[in-house]
Amino acid sequence: MGVQYVGTAWNGYQKQPSRDTVQDRIEIALEQFARTPLHTTCAGRTDAGVHAIEQVIHFDTDLDRAPQSWVRGTNAFLPDSIVVRWAHALAPAPEREQFHARFSARSRTYHYVLYNHANPSALLAGRAGWVFRPLDVERMRAAAAHLIGTHDFTSFRASGCQANSPVKQMHEVKIERMGDLVVFTVRASAFLHHMVRNIVGSLIYVGTGRNAPEWMAEVLAARSRDAAAPTFMPDGLYLAAIDYDPKWGLPQEASAPLPWL
């Protein structure tokens, strides 16, 4: 399934005893529709306040329903802030050939939407980060260039991160200004906990003139969380896309982080 959600009201994606997470609500809705418990696995867990344009989940079931029936039936039991956009059935296969939302992914893309204006916007509250100081996009692009390639991203890793290795391949860091909005697009093989928000926070240090673009290379080389900027707010972070081999035939969608972008 492809799932879209506004994370503002939810305590992240991963299931918790409080049952106020996106996974909790999806599994409750699936059970109400299917009349049987269904455990889901996602492509990438998101933190509290983080949104998803297209999260991908999978689950195993013997129930025979048309894809659109799964979509409409599950949505009937979901709150407005969580929507199933598509469903796709895959035939049973040997374990080594089965689709897995997380392990079959080749890369993941996040957008971070930042409102760069002297005053905050009520209309973007919870949907975009905010920086009141002017940002120099060219300086941030020069800093971001140091992140491309395979690196140890320990400096951008949360202390509680459970990833086996801090080494990830960064494919792309794109920064675009659209009026008062600055949109960061980050694509990598995988991400560490808080990695995107820590990178954005550090790029903002460069964009405001606090640090030179070359400082980003120093932060990366330090392999210490203390070397980078503080973790930036979750409001503008969107899990945008998960890349899979076309052989799976998933009907994935592509869209901007905000409808008018």
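Before reading on, note that the structure itself is shown above.
Everything numeric in this text was worked out from a predicted model, so none of it was measured.

Attention now goes to the packing of helix α3 (residues 137–144) against helix α4 (residues 195–207). Where α3 meets α4, the axes come as close as 8 Å, and the angle between the chain directions of the two elements is 130°. Viewed along their axes, α3 and α4 adopt a mutual orientation that is oblique. For the crossing formed where α3 meets α4, the hand is right-handed. Two secondary-structure elements touch here, α3 through Arg139, Met140, Ala143 and Ala144 and α4 through Leu203, Ile204, Val206 and Gly207. Looking at the contact of α3 with α4 residue by residue, the class counts come to 6 nonpolar, 1 polar and 1 charged.

This part covers the packing of aromatic side chains. Summed over all chains, the structure comprises 10 aromatic pairs. Ring centres of phenylalanine 153 and phenylalanine 156 lie 6.3 Å apart, and the angle between their planes is 50°; on these two criteria the pair is classed as tilted. The burial state of phenylalanine 153 is the same as that of phenylalanine 156; both residues are buried.

Another point: the environment of leucine 63. One can find leucine 63 in the loop between β3 (51–58) and α2 (67–75). Distance from leucine 63 to threonine 36, taken between C-alpha atoms, is 9.7 Å for residues 27 residues apart in sequence. For leucine 63, the residues in contact, after removing those within four places along its chain, are Ala34, Thr36 and Trp70.

A word on the side chain of asparagine 116. By secondary structure assignment, the location of asparagine 116 is in strand β5 (residues 107–116). The buried category is assigned to asparagine 116, whose relative accessible area is 7%. Within the structure, the side chain of asparagine 116 is placed 2.9 Å from the backbone oxygen of valine 131, a separation counted as a polar contact. Here the side chain of asparagine 116 touches arginine 133 through a polar contact of 2.8 Å, landing on its backbone oxygen. Apart from the residues lying within four places of it in its own chain, the contact partners of asparagine 116 are Val131, Phe132, Arg133, Pro134, Leu135, Arg177, Asp180 and Val182.

For the rest of this paragraph, the subject is helix α5 (residues 215–222). Here α5 has its buried residues at Trp215, Met216, Val219 and Leu220. Viewed end-on, α5 has its buried residues packed into an arc of 140°, placing them on one side of the element. Of the residues in α5, the exposed ones pointing more than 90 degrees away from the buried face are Glu218 and Ala221. Structurally, α5 contributes buried residues whose contacts are with α3, β7 (149–152) and α4. Just downstream of α5 lies arginine 223, where phi reads positive at about 50°.

Our focus in this paragraph is the nonpolar core. In globular proteins that are soluble, nonpolar side chains generally tend to be buried together. With 72 residues, the main nonpolar core has Phe156, Leu203 and Tyr244 as its most contacted residues. Sorting elements by how many residues they give to this core places α4 first, with 8 residues. Setting aside anything within four residues of it in sequence, one finds tyrosine 244 in contact with Ala43, Val56, Phe99, His100, Ala101, Ser104, Ala105, Arg106, Leu250 and Gln252. Core analysis: the next-biggest nonpolar cluster, separate from the first, contains 10 residues, Ile53, Leu124, Val183 and Tyr238 among them.

Each value, and the rule that gives it
Residues numbered from 1 in each chain as written. Predicted model: local features only at pLDDT ≥ 70, side-chain atom pairs only at ≥ 80, totals over all residues. Heavy atoms only, no water. Axes fitted to C-alpha atoms, helices over the stretch in contact; angles between N-to-C directions. Helix = DSSP H or I, 4+ residues; strand = E, 2+ residues; numbered from the N terminus. Parallel < 35°, antiparallel > 145°, perpendicular 65-115°, else oblique. Left-handed = near helix turned anticlockwise from the far one by under 90°. Contact = heavy atoms within 4.5 Å. Nonpolar A, V, L, I, M, F, W, Y, C, P; charged D, E, K, R; others polar. Phe/Tyr/Trp six-rings, centres within 6.5 Å; stacked < 30°, edge-to-face > 60°. Buried < 20%, exposed > 50% of the residue type's maximum accessible area, 1.4 Å probe, protein only. Polar contact = N/O pair within 3.5 Å; in protein donor to acceptor, adjacent residues only side chain to side chain. Arc of directions from axis to C-beta. Core = buried A, V, L, I, M, F, W, Y, C linked by side-chain atoms within 4.5 Å.

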